[in-house]
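# Observations on the model geometry
Okay, here's what each chain looks like letter by letter:
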Amino acid sequence: MDHGAHIEQRRLARIARSLPGRTFIQASLAIALGIVAALVLPMVFGDEFATRKAAKFYAPVEGKAYGNGSRDSIAVLLIDDQSLKQAGQTWPASYDYYARLMRGIAIYRPKAVFIDIVFKDARFDPAIGKLAARLCELQHAGIDVYLAGKRDEDGKLRVRAGLDGLQGRCFKLVSVEYKPDELDHLSWTYPLETKSGGATPVQSAAPGIYENSFGVHLARPTADMALSWGLKPAANGLDWSAPDTDENGTHGASEDGSYCRGDHGWLELAPYGFRQMLFHDAEKPVCVFHETLYARELANTTAGDEAKLTSALRGKVVMVATARDYSNDLVNTPINDRIPGVYLHAMALDNLLTWGPHYKHAAALTASTDRDNLKLLGLAALGLLAVVIVRMLKNFARERSMRLRTARRGPRFYDPNVYLLDTSAAGDGGERRVQIESRGAGHRGQTSTRRRLVRRLGHGLRKAVVWAATCLVEIAGSLALVGLLLYIGQTVLDVGFLSVVDIAVFALAAEWFEWNEKLIDWFNASSHHKE
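Remember, predicted model here, so these are calculated numbers, not experimental data.

Relative to the helices and strands, phenylalanine 114 is located in strand 2 (residues 112-115). A C-alpha to C-alpha distance of 6.0 Å links phenylalanine 114 and valine 320, two positions 206 residues apart in sequence. Discounting chain neighbours no more than four positions away, the residues touching phenylalanine 114 are Tyr146, Ala148, Val174, Val176, Ala205, Ile209, Val318, Met319, Val320 and His345.

Here you go:
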């Protein structure tokens, strides 16, 4: 073996020996930078830095995986302007209207009735006694009744006089307070309880109904519940329609007059422009997840209507709310856009019925030792292992590519076909001049310009194909890594996907942008400079 080949082998051996240590440092830096970024960047730029966009992209996947959930146990019954008009009512409706509505619902023997309307104003209406009696009748008939309450100065839930004294006997008061996400105003989480100052916390609607009507006790919550919004639309949903998009965010009607559409399955992950080419309704939101009826459907029913109502209401939790024009009782969701607020409680109850005590926690990575935070740190450790594997594969591929290139070209700077000719006169004391001559010089000179151009184009094309394939592999690997972290985080650790995306996004950013590799190069450059 000549001297040049020996030097080249030693150089490659040094690279190979340095790979394990360098790989571990790079992987450790990747996850460390991810954790630090997840802790620090929200304080500097806000949480929306990348997490919210990535989470909204993933929401349809979560909704698809959620399947039908427990929606067969829940029905939504809405009071809209048309229902009020049909009953000869204006807003606010009389208490007699609510009493008749409760009697109509009771015919179909639901499991429970939740009225998501706060009766807080003591307006004059003699029918308040009739409504109170009707609520007591439902409770005594084995139908659990829940009313939305409003907290007073002491933090206790209250309703207006004439009803307030009946709580505990004829109905249970639950909280309906809710604050959307401060950044994108979407409904990512649901408060299981609300509290004010030093007052005793009060249960929100979903856990109150879940514990009381389904007999399952929940441990005292340490964090809000992370919501999973179902993707597959119900057979009967909102019948909203609008000819134009207005400032309130309602969507233009399609050919069938509906404001919403069915789901596109896994194609929900495709870019909007691509889906727009495939589907004429791509710009519209997905229709609501839960079966929806209107109060007007309970009047003047036929035999077919009776069968539909029986199927929709019997044995279910019926959530009664309003869906009037210009109402402000609306929530924004990552899948359905803006919908009546009662669907927030329906989805939260659906999550509880589906997962029980193992509901998903809306944890945030902080410098604390609470259980949820430790789960996220454990998930970060799993991310470290995944990044180590990815980094090892990338470094192995680079080393193999370097070996193949070296084998094709021969040892660097020691080509046996190159000769050194001394052209100076021996012993003249002048400067020694060296001329390098290659045996192949004559042949290269005879290569035509066209062949050189074709060769360069072919080489460039090969490099482009290799680069594209490498990018596709890295994208597929990144998606697989995120999918693995999301599966483990939600299925094993009971952590909401928004929290998992926090870890995954920043860890992958550190790897994709090679912050870790650049940092190592900076350390190496600094150490060489000192030497």
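Next comes the rest of the write-up.
A few words on the nonpolar core. In terms of nonpolar packing, the biggest core is built from 45 residues, with Leu78 and Tyr190 touching the most fellow members. Of all elements in the fold, only helix 2 (51-66), strand 1 (74-79), strand 2, strand 3 (144-151), helix 6 (205-214), strand 11 (317-322) and helix 9 (342-355) reach the threshold of two or more residues within this core. The biggest single contributor to this core is helix 9, with 8 residues. Sequence-distant contacts of leucine 78, that is, excluding residues within four places in its chain, are made with Ser83, Leu238, Thr292, Leu293, Tyr294, Ala295, Ala321, Thr322, Ala323, Val342 and Tyr343. One finds Ala99, Val113, Leu135 and Cys170 within the second-largest nonpolar core, a separate group that totals 44 residues.

The α-helix advances 3.6 residues per turn, and as a result positions three or four apart in sequence lie on the same side. Taking 1.5 Å as the rise per residue, helix 9 with 14 residues should run 20 Å; its terminal C-alpha atoms sit 20 Å apart, in good agreement. Of all the 14 residues making up helix 9, 11 are buried; the element is thus mostly covered by neighbouring parts of the structure. Here helix 9 has its buried residues at Val342, Tyr343, Leu344, His345, Ala346, Met347, Ala348, Leu349, Asp350, Asn351 and Leu352. Within two residues after helix 9, glycine 356 carries a phi angle of roughly 65 degrees, on the positive side.

Attention now moves to a nonpolar patch on the surface. Together, Leu267, Phe274, Met277 and Leu278 give the surface a local cluster of nonpolar side chains, amounting to about 400 Å² of exposed area. Mapped onto the elements, leucine 267 comes out in the loop between strand 9 (225-226) and helix 7 (272-278).

Rules used throughout
Starting afresh in each chain, residues are numbered from 1 along the sequence in its written order. Whole-chain, interface and lining totals are the exception, using all residues; otherwise, since this is a predicted model, local features are given only for residues with pLDDT of at least 70 and side-chain atom pairs are given and counted only at 80 or more. The side-chain numbers reported here are obtained from all heavy atoms of the structure, hydrogens and water having been left aside. Strands are runs of DSSP state E lasting at least two residues, helices are runs of H or I lasting at least four, and both sets are numbered from the N terminus onward. In what follows, a contact means two residues having at least one pair of non-hydrogen atoms within 4.5 Å. Working definition of a nonpolar core: buried Ala, Val, Leu, Ile, Met, Phe, Trp, Tyr and Cys residues. They are joined through side-chain atoms within 4.5 Å. Accessible area is worked out with a 1.4 Å probe on protein chains only. A residue is then buried under 20% of its type maximum, exposed over 50%, and partly exposed in between. For a helix, the expected span equals 1.5 Å multiplied by the number of residues minus one. Put simply, a patch holds well-exposed residues, over 30% relative accessible area, that have no salt bridge, with like charges counted together within 9 Å and Val, Leu, Ile, Met, Phe, Trp or Tyr side chains within 5 Å. For the area figures, the Shrake-Rupley method with a 1.4 Å probe applies, and any residue is considered shielded solely by the protein chains shown. Salt bridges are defined by distance alone: a side-chain nitrogen of Lys or Arg within 4 Å of a carboxyl oxygen of Asp or Glu.

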